[in-house]
Each structure stands twice: as structure tokens, then as C-alpha cells.
Amino acid sequence: MGGTEFVSAAHNGPMSRDGRDTHLEHPGVFRLFSGLSPAGRRALADGSERSDLADGEVIQFPARHMDTLAVVVSGSVSVVHSEPGGQRRIVRILGPGDFVGETELLLGHTPLHTALAAEPSTILTLGHALVEHLIETEHTFCRAMLSATTERLLAAELLLAATSAGPVGLRIARYLLALRPGPRDEVALPAAQVDVSSYLGTTPETLSRTLAVLEKSGAIRRVGYRSFALDRARLHEYVATA
């Protein structure tokens, strides 16, 4: 993170209105918008823009006005806290279906952190007026946003509990349990291991070793580059005894 040059994201154009938008097909993104009425989908198509980001492109600056909600469609976005001395710490990792920009929308506060693409990514940006319209008129969208925010709070509480007491293995196991499950109870790390390890306050090597230990114990099984099938009973047992 230390050598990344921050550059602003550029917009590529509006979302398609044909009802077969491939960037809404990821389960996380689909969950956010799947319940929209035909009128809601038309409003989304008319009022949103898709942006393809290069690694390091910034979509949110601290203390700078942000009048859009940015939804991750593919790739990942890191939310970074910068210390006065120049040190940076990843405080949140956004994967498909996660969003940033809600602080100013809901609380009226300018952002506290920088948000930037952790890899080549695609986002969908919605103006605050559009988001407020969807919240007022589309109850499934409102519920999906509330659900996503609650999941984020739960993950933060679990990480805080693990960070304040207990070894790094406990932190990693709780993080896996807090990830949003996909089909067959599989979870995917939302970013590269170097970024996930920074978020968890450890090193990529320690993260790799811990994942290998959990896999050997049968608590997890690697099913893809970043994806794991979880044996939640064994993971909870690991957490209880760590």
C-alpha cells in the first residue's frame, strides 16, 4: 500500500436498460437490486454509471464531499485509514455487492477514509438523489442495504473482539465466519491475501500458514483461487479453543 499513487476514477457510461445487465448477475450485486420493480430498474438504468477502475484508482477521498454511492460490481475496493506519519491501514475490504459513500448519504458527514481499487475493478455509481428515491419507493432495496450494513457491523464487531484478545489464528477464523456465504456455504476472500492480511493486522505469510492449518484440520477446504468451503462446526470449535 505504501507506494500506491492515488488517481481518480473515470466514468465509462450509463448502465444498460435491456434488463440483462451482466454486472448485476454477481450474487452480492444481484441481492442489492434483484427486488426492484420495473420502474425501479428503469430509474437505476437512467441514473447510474458504470466505471472500470485500474489498480489504485480512488473513488473516495477523506474530508472531500461525495455525492454518490459506489457499489462494487467486480474486483475489490480497499477502505484505507492514513495516519499523520504517512502509515496506511486497510480498515475495510469491499467485494461485489458492497458499497461506499453511505456515510455522507445517511449521516451528512464527509468521508473519513480513502477508498481505492485494490485490483482492476468495476463499480456502479448512483447519485444520492437516486438512492434516496429507491429507499423511499423500493422496500426490497432498503432492506438489502440494511442487511448489508448489519453484516458489515457484525464483521467489525467480530474483528474487534478477535483483535483485542486472542492470537492471529482466532482473528482469521472469525473473519472467515463473518464473510457472506455463497452457494454451498462457500466464502471468497474479497481481495488479494496481501490486502486481507493488512486488514487483519497480520502478514501474508501468517495468513497463508493459518489457512493451511485450518485446511489440514478440515475446518476449511479450498475450492478456488480465493474461495473456501467452510465446516462451520469445526471453525467454531477452533475459535472456542484458540
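Scoring rules and cut-offs
Residues numbered from 1 in each chain as written. Predicted model: local features only at pLDDT ≥ 70, side-chain atom pairs only at ≥ 80, totals over all residues. Heavy atoms only, no water. Helix = DSSP H or I, 4+ residues; strand = E, 2+ residues; numbered from the N terminus. Buried < 20%, exposed > 50% of the residue type's maximum accessible area, 1.4 Å probe, protein only. Areas by Shrake-Rupley, 256 points an atom, 1.4 Å probe, with all protein chains shown as cover. Contact = heavy atoms within 4.5 Å. Phe/Tyr/Trp six-rings, centres within 6.5 Å; stacked < 30°, edge-to-face > 60°. Lys NZ or Arg CZ within 6 Å of the ring centre and 35° of its normal. pLDDT = per-residue confidence, 0-100. Pairing = 2+ DSSP bridges. Axes fitted to C-alpha atoms, helices over the stretch in contact; angles between N-to-C directions. Core = buried A, V, L, I, M, F, W, Y, C linked by side-chain atoms within 4.5 Å.

A.B. asks: Would you mind going over the overall build of the protein with me for this structure?
C.D. replies: When helices and strands are counted, the protein shows 9 helices and 13 strands. Burial status across the protein gives 44% buried among its 242 residues. Looking at the protein as shown, the accessible area adds up to about 12100 Å², and 55% of this sits on carbon and sulfur atoms.

A.B. asks: How do you make sense of the side chain of T202 when you look at a structure like this?
C.D. replies: Here T202 lies in the loop between α7 (193-199) and α8 (204-217). When neighbours within four sequence positions are excluded, T202 is seen to be in contact with V168 and S197.

A.B. asks: What am I meant to see in the packing of aromatic side chains here?
C.D. replies: Each aromatic ring pair is specified by the distance between its two centres and by the angle formed by the two planes. By the definition in use, this model includes 2 aromatic pairs. Here the aromatic rings of F33 and F141 are separated by 5.9 Å at their centres, their planes lie at 15°, and the arrangement is stacked. With F33 in helix α1 (residues 27-33) and F141 in helix α5 (residues 139-164), the pair connects residues that are 108 residues apart, well separated along the chain. Of the two residues, F33 and F141, neither departs from the other in class, the shared state being buried. Here the guanidinium or amino end of R64 rests over the ring plane of F61, the centre of that ring lying 4.1 Å away.

A.B. asks: Help me understand the confidence of the model for the protein, please; the structure alone is not making it clear to me.
C.D. replies: The predicted coordinates of low-pLDDT regions are not to be read in fine detail. In this model, the protein carries an average pLDDT of 84, and 86% of its residues clear a pLDDT of 70 or more. Taken as a whole, residues 1-11 scores under 50 in pLDDT and shows 32 contacts with residues more than four places along the chain or in a different chain.

A.B. asks: I tried to follow the pairing of strand β10 (residues 121-127) on my own but got confused; where do I start?
C.D. replies: Remember that side chains alternate between the two faces of the sheet whenever the strand is regular. Taken across its 7 residues, β10 has 6 buried, putting it largely inside the fold. The sheet contact formed by strand β5 (residues 68-74) and β10 spans 6 bridges and is antiparallel. Among the inter-strand pairings, S74 is bridged to a residue of β10, identified as T122.

A.B. asks: Would you mind going over the sheet that holds strand β13 (residues 227-230) with me for this structure?
C.D. replies: Ordered in space as β11-β13-β12, the 3 strands form an open sheet in which the pairing is antiparallel. With partners counted over all chains shown, the strands left at the sheet margins are β11 (186-188) and β12 (220-222), one partner each. Going from strand to strand, the sheet's axes swing by 30° on average, the running direction of each strand aside. By the bridge criterion, 3 bridges tie β12 to β13 in an arrangement that is antiparallel. Bridge pairing in β13 links R221 to A229. The strands that α8 touches are β12 and β13; relative to β12, the one it contacts most, it runs at about 110°.

A.B. asks: Just checking my understanding: could you explain the nonpolar core for this structure?
C.D. replies: In summary, soluble globular proteins display a tendency toward joint burial of nonpolar side chains. L176, V196, I220 and L235 are the most contacted members of the largest nonpolar core, which totals 27 residues. Sequence-distant contacts of I220, that is, excluding residues within four places in its chain, are made with L176, L211, L214, E215, F228, A229, L230 and L235. With 20 residues, the next largest nonpolar core counts L36, A43, L105 and L134 among its residues.

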